[in-house]
Amino acid sequence: MKSRNFRASSFRFRFPSMAATPRSFLALILACSCLPLGVDFPAVAATPPAAKDKKQKPDPALKGLPITELSPDEAILHALNRLAYGPRPGDVERVRQMGLAKWIERQLNPNSIDDKGVEARLEDYPTLRMSTAKLIVEYPQPKPAVRQAERQARERAQDEQRRADAAPASEQQTQARETQDAQSSSPSGESVTQSAAENAPAPMKEPAMELDQAARGARRREALGGGDPNSVPRAVADDSKRPARIAAELAMAKVTRAIYSERQLQQVVDDFWFNHFNVFAGKGEDRYYYLTSYERDVIQPHALAKFKDLLTATAKSPAMLFYLDNFLSADPRAQQRIAMERAMRQQMRYGRFGRPWPPRPPVNPQQAGKKNERGLNENYGRELMELHTLGVDGGYTQKDVTEVARAFTGWTIDKPRVYADFKFDDRLHDPDPKIVLGKRIHAGGMKDGEQVIDLLAHHPSTAKFISTELARRFVSDHPPSALVNRMAETFQSSEGDIRAVMKTMIWSPEFWSREAYRAKIKTPFELVVSAARALGTDVDTPLPLVQWIGRIGEPLYQCQPPTGYSDKSETWVNTGALLNRLNFSLALAGNRIRGARSDVASLLSVDSSADPKAALDRAVQVFLGGEAARTTAETLEKQLDNPQVLHAKLDDTRREADLGVIAGLVLGAPEFQRR
């Protein structure tokens, strides 16, 4: 799946219609100034021009690393932006005192880092520690009787709506007033029929009506992203046992770890591998029950281990088996074999003691095979080679896809709605030999699939593809081929040791080059988390941040294609997204997000009555490392006379600077959007 070429010069922007609130208008002004910088605005070094001609003296903080083009502060900031989710207040100085190489070594060995602080915060989310079987029991789907009652309530609401549409205008006004009165008298401010429509799942085999589709879409946006970020979804607000709570807690835990965990590289790599082995949360049982175990038991323990072990764990995960339909894949001849075996057992059982009573009709193997007929499904075989291992140019053919699918027949889920464990069903497996990439696969049973995994994990195309993906995430959208080749060599020589490949990348001159510095655009998830870290925000309710991530464009666990969310800048740079990013920054710094509080005045160490220019300079130093392009600086300075930045009290002619607005504008600057 190749992405199309992107040219910054071909960018054309049109601003969407939006509410003309003062803050959004201010954000629009800043966006107008920053958008022309687009994807290729130049990075401005903090080093004075005169100092660039002089050879920099080695800094003790950078000892042991091949850093020649970045200043010590730039190098530390670069590491915190690439190997972590950005610096928190004081992080740059702490890393300087520890030594950058030592900090990186500790991050590469996360089990050596005490992380009890974030573990205590995660105690608020009990579903994270539950098995799939317990989640199914504790958070059951609504019973058929409940679904029937809710469906009837929706139908009555639709009938009433149709009658209201047909009624005279005067009657419609009367009914509207009555409905409004009824809703205002309800504690929640919602009608009973609306509540029923929101909480009822759609019936499996009924025609989808527009109202049902709207309700389902609203529930999906409410759960993990979109809508009003400060709203409280029902699945969380009332501490309910709705299945949607499982997905909400999973997303809140992801944000909490990214903000507060001391094991920052572990969180970044977890996110990388989840995108690489993406599973869509909106598909069936994956949406509620399978993802918790997938992230906890498959992704996290193997993120810095051997690639083959990670690949095997994903192949056996019920979440992946369900998402790519491999749990349904079977040898097309399997049903006929099973029917014949059943007939033979019956004949053996009753042959000695006569015919059973009452007599059973004779078994027709062909008819039995048509019942619940299952065939070969190639979804997993294709994505295993194209996205998980070899890459789209990895040298495989459609015949290889079919042969790999045959090797994985019988890899299924045991009791999907009871405990959902991996199971190999030999009765569904294709026992004949397979040929994959010119290699004969005939180990027998489940070992056929394991032999394919071993073949793919050790293939040179896999080494290059995985190394390219890692370098694209951590270095640049178009990583140097020399770096990728060295990483691929390490991949092969270390038997796919992910930690060793990461170390080769980090200890390379390319990682610390001027071209790599701030060469990546932050995804919505990275932006929200890095802004909260930069402000030192105290987050006791992370769900609004989760919803902001969805509003900006990256709803967590909701990427439908198996490609996962893109690592390339072109995906995230567009007018609507930039406006949402700016509005988020203003809301977070201005303490207008529920459950998130920031002390901007203490962070900037200035008083609100201080010189606005001094406050702006301090904000640029704190949030941007003192670096801002000339266009950015000019745009920000023009806003200092804006009524939203400066305001006077009624009984005082002195004008005070709104430090929250100043901080929000700096966090919305193009430099902060990069990492």
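As a reminder, the structure under discussion sits directly above these lines.
(A) Quick look at the overall build of the chain. For the chain, the helix and strand inventory stands at 33 helices and eight strands. Taken across its 675 residues, the chain has 51% of its residues classed as buried. Of all intrachain contacts in the chain linking residues separated by at least 6 positions in sequence, the fraction that spans at least 24 positions is 75%. Total accessible area computed for the chain in this model is approximately 32,300 Å², and 52% of it derives from carbon and sulfur atoms.

(B) Structural context of the pattern of salt bridges. Counting across every chain of the model gives 36 salt bridges. The partner of E378 in a salt bridge is R382, with the nearest N and O atoms 3.4 Å apart. Look at R382 and you get partly exposed, because its relative accessible area is 27%. It is possible to trace a salt-bridge network through shared partners that takes in D331, R333, K399, E403, R406, D430 and D432.

(C) Geometry of the packing of helix α13 (residues 244-260) against helix α26 (residues 524-535). In contact at an axis separation of 9 Å, α13 and α26 are set at 50 degrees when each is read in the N-to-C sense. With respect to their mutual orientation, α13 and α26 come out oblique. For the crossing formed where α13 meets α26, the hand is right-handed. Residues K254, V255, A258 and I259 of α13 lie in contact with α26, whose contacting residues are F525, V529, A532 and R533. For the contact of α13 with α26, the residue count by class is six nonpolar, no polar and two charged.

About the thresholds
- Residues numbered from 1 in each chain as written.
- Predicted model: local features only at pLDDT ≥ 70, side-chain atom pairs only at ≥ 80, totals over all residues.
- Heavy atoms only, no water.
- Helix = DSSP H or I, 4+ residues; strand = E, 2+ residues; numbered from the N terminus.
- Buried < 20%, exposed > 50% of the residue type's maximum accessible area, 1.4 Å probe, protein only.
- Contact = heavy atoms within 4.5 Å.
- Areas by Shrake-Rupley, 256 points an atom, 1.4 Å probe, with all protein chains shown as cover.
- Salt bridge = Lys/Arg side-chain N within 4 Å of Asp/Glu carboxyl O.
- Axes fitted to C-alpha atoms, helices over the stretch in contact; angles between N-to-C directions.
- Parallel < 35°, antiparallel > 145°, perpendicular 65-115°, else oblique.
- Left-handed = near helix turned anticlockwise from the far one by under 90°.
- Nonpolar A, V, L, I, M, F, W, Y, C, P; charged D, E, K, R; others polar.

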